[in-house]
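Structural overview
Listed below are the residues making up each chain.
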Amino acid sequence: MIICPTCREEIDEGSHFCDQCGQALLYCSNCGRVDTGRRCTQCGGLMVSADQYGNAKPSLMSSVTSSTHVTNMQNATNVGMPIQRVPTIANQSIQSPQGHGGIPVMTLINPKLNIRVIGINGAVIGRRQGPYHDIFQQFMYVSGVHAQLLYQYNTGWNIIDKHSSNGTKLNNKPLTPDVPAKIKNGDIITVANVNLQVSIN
């Protein structure tokens, strides 16, 4: 078992995301420690995704590491986006580093409900879990784990319905659970009965 660096709950080793809070997990390419930054706070090693860590682990455990392997690990880290849970503030906004890792900044907005959140790659949207739960906990029709945001380098930003009770819609079209739906600037995402306009810079 490992400990989620965000919510401190125990989760299975090799997990890509915390099943308690939705935090995307990174692994130290040197010592295997789970954290959320670019560098390991314990040994200073580069942090990589679970897939990248799993593929590189046999080489890392070897006493001989080639310069080619080191270069590949550095490139892999540049491709992966360190995910950080960020706190809510009074006006129900969530901020994250803009343009981090070359990923365009996506904002979900509902001015009437005073909602403005900045998308975090891998983040869960839900009433009980994920970095936005403080915002959505007041909406009774939003599921505890309702949807998930995902950035893919070949398709861009996507939203995934997570078998929510009241569904997720994209431009008023219901989404199939667990199937990523590409979102673009100006789209309207409906989480249960909450409309959010997409702005991508």
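Remember, predicted model here, so these are calculated numbers, not experimental data.

Another aspect to go through is the pattern of salt bridges. Opposite charge on two side chains allows them to pair when their charged atoms are near. Using the criterion set out here, one finds two salt bridges in the structure. Asp178 serves as the salt-bridge partner of Lys162, at 3.3 Å between the closest nitrogen and oxygen. Remark: Asp178 occurs in the loop between β13 (173-174) and β14 (181-182) and Lys162 occurs in the loop between β11 (156-161) and β12 (168-170); sequence separation between them is 16 residues. Lys162 sits in the partly exposed class, given a relative accessible area of 28%. Residue Lys184 pairs with Asp187 through a salt bridge whose shortest N-O separation is 3.4 Å.

Enumeration according to the criterion identifies three aromatic pairs in this entry. Note on Tyr151 and Tyr153: the rings are 5.2 Å apart at their centroids and 90 degrees apart in plane angle, and the pair reads as edge-to-face. Each ring, one from Tyr151 and one from Trp157, has its centre 5.5 Å from the other, and the planes form 70 degrees; the classification is edge-to-face. When its relative accessible area of 13% is taken as the criterion, Tyr151 is described as buried. Three or more aromatic residues joined by ring pairs form one cluster here, namely Tyr151, Tyr153 and Trp157.

As a further point, take the nonpolar core. Counting 28 residues, the largest nonpolar core has Leu108, Ile125, Tyr132, Phe136, Leu149, Ile159 and Ile189 as its most contacted members. Taken together, the elements giving at least two residues each to this core come down to β7 (106-110), β8 (115-118), α3 (133-136), β10 (147-152), β11, β15 (188-191) and β16 (194-200). Residues contacting Ile125, with those up to four places away along its chain left out, are Leu108, Tyr132, Phe136, Val145, His146, Ala147, Leu149, Ile159 and Val191. Listed in part, the nine residues of the second largest apolar core include Ile2, Cys4, Tyr27 and Val34.

This paragraph deals with the sheet that holds β10. In spatial order, the strands read β9-β10-β11-β14; together these four strands make up an open sheet with antiparallel pairing. Two strands close off the open sheet at either side, each with one partner strand: β9 (124-125) and β14.

It is worth spelling out the environment of Arg116 at this point. Along the chain, Arg116 falls in strand β8. Taking the C-alpha atoms as reference points, Arg116 and Gln197, 81 residues apart in sequence, are found 9.5 Å from one another.

Turning to its location among the elements, Thr176 is positioned in the loop between β13 and β14. Note on Thr176: relative accessible area 51%, which makes it exposed.

Here the phi dihedral of His163 falls at roughly 55 degrees; this positive angle occurs in a residue that is not glycine. The topology assignment puts His163 in the loop between β11 and β12. A positive phi is found at Asn172, a non-glycine position, where the angle reads about 70 degrees. Tracing the sequence through the fold places Asn172 in the loop between β12 and β13. Since its relative accessible area comes to 60%, Asn172 is described here as exposed.

Quick look at the pairing of β11 now. Most of β11 is tucked away: six of the six residues are buried. Across six bridges, the pairing between β10 and β11 is antiparallel. Across the sheet, residue Leu149 finds its bridge partner in β11, namely Ile159. Here β10 hands over to β11 after three residues, the two strands then running antiparallel side by side.

In this section: the pairing of β7. Counting buried residues in β7 gives four out of five residues, a clear majority hidden from the surface. Inspection of the sheet shows β7 paired to β16 by four bridges, in the antiparallel sense. Looking at β16, one finds that Ile109 is bridged to Gln197. Sheet topology places β7 next to β8; four bridges connect them, and they run antiparallel. Among the inter-strand pairings, Ile109 is bridged to a residue of β8, identified as Arg116. Remark: four residues form the turn of the hairpin made by β7 and β8, two consecutive strands paired antiparallel; Asn114 in that turn has positive phi of roughly 60 degrees.

Rules behind the numbers
- Residues numbered from 1 in each chain as written.
- Predicted model: local features only at pLDDT ≥ 70, side-chain atom pairs only at ≥ 80, totals over all residues.
- Heavy atoms only, no water.
- Salt bridge = Lys/Arg side-chain N within 4 Å of Asp/Glu carboxyl O.
- Helix = DSSP H or I, 4+ residues; strand = E, 2+ residues; numbered from the N terminus.
- Buried < 20%, exposed > 50% of the residue type's maximum accessible area, 1.4 Å probe, protein only.
- Phe/Tyr/Trp six-rings, centres within 6.5 Å; stacked < 30°, edge-to-face > 60°.
- Core = buried A, V, L, I, M, F, W, Y, C linked by side-chain atoms within 4.5 Å.
- Contact = heavy atoms within 4.5 Å.
- Pairing = 2+ DSSP bridges.

On their own, these measurements won't tell you what the molecule is for.
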